[in-house]
Amino acid sequence: MDLMVQRRIKQVLKGDQNAFGEIVELYKDKVYQICFRMLWDRHEAEDAAQETFLKAFLNIHTYNQDKKFSTWLYRIATNLCIDKIRKKKPDYHLDAEIAGTDGLNMYSHLSSGDQLPEEEVESLEVQETIHQAILLLPEKYRSVIVLKYIEELPLQEIADILELPLGTVKTRVHRGREALRKHLRHL
């Protein structure tokens, strides 16, 4: 796949915009997932994913082809999400009731497996609690926790995406885990 992506990048650099469309098709789901896991809002995640690809297209000439393309792309997505988190109003909560519904919130839109209704409710409650705890983390811990435990990226790739030393990433993962443990100790 990396070889094909490198070929497409060379085509884009020569002016072939359709080649970039193929790159978008390859990475759109993963970029959206990263954005959603950091922002916990479908619309904002879609916007961030689109901005990621736009920024990548406009700056493709700065991409170092000796490095992994996905790392470069995920770094753009992560940085855009961090910027959105910083600009976000602090009074916006995902557990707020959706207007025009009877007690529904964004968590009610989370899909679950084929569970019994009681298990589904319990699972949703646990998910909501964990999501709330992740949202309470400072963004520097939230980003590494999302990339490590939700996106399941290796520590070195996280370090590359966030442009941080590996030791800093390990420290932030540890401190983020400790902060989550404090928030979730009642479970």
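Refer to the preceding data block for the structure.
Residues numbered from 1 in each chain as written. Predicted model: local features only at pLDDT ≥ 70, side-chain atom pairs only at ≥ 80, totals over all residues. Heavy atoms only, no water.

S.K.: I would appreciate a short explanation of the packing of helix 1 (residues 2-13) against helix 2 (residues 17-39) in the present structure.
M.R.: Helices that pack against each other are described as a pair by the angle of their axes relative to one another and the distance between those axes. Contact geometry for helix 1 and helix 2: axes closest at 8 Å, N-to-C directions at 145 degrees. The element helix 1 and its partner helix 2 pack so that their crossing is left-handed. Here helix 1 contributes D2, M4, V5, R8, I9, Q11 and V12 to the contact with helix 2, which in turn contributes A19, F20, E22, I23, L26 and Y27. Classifying every residue of the contact of helix 1 with helix 2 gives nine nonpolar, one polar and three charged. (Axes fitted to C-alpha atoms, helices over the stretch in contact; angles between N-to-C directions. Helix = DSSP H or I, 4+ residues; strand = E, 2+ residues; numbered from the N terminus. Left-handed = near helix turned anticlockwise from the far one by under 90°. Contact = heavy atoms within 4.5 Å. Nonpolar A, V, L, I, M, F, W, Y, C, P; charged D, E, K, R; others polar.)

S.K.: Would you explain the packing of aromatic side chains in this entry?
M.R.: When we look at a pair of aromatic rings, we describe it by the centre distance and by the angle of the planes. This structure, assessed with the given rule, holds eight aromatic pairs. A ring pair is formed by F36 and W40, whose centres lie 5.5 Å apart and whose planes are at 70 degrees; its orientation type is edge-to-face. Residues F36 and W40 agree in their burial class; the two are buried. When the ring of Y63 is compared with that of W72, the centres are 5.4 Å apart and the planes differ by 50 degrees; the resulting orientation is tilted. Both residues of the pair, Y63 and W72, count as buried. Among the aromatic side chains, those forming a connected cluster through ring pairs are Y27, Y63, F69, W72 and Y74. The side chain of K148 reaches across the aromatic face of Y149, ending 5.8 Å from its centre. (Phe/Tyr/Trp six-rings, centres within 6.5 Å; stacked < 30°, edge-to-face > 60°. Buried < 20%, exposed > 50% of the residue type's maximum accessible area, 1.4 Å probe, protein only. Lys NZ or Arg CZ within 6 Å of the ring centre and 35° of its normal.)

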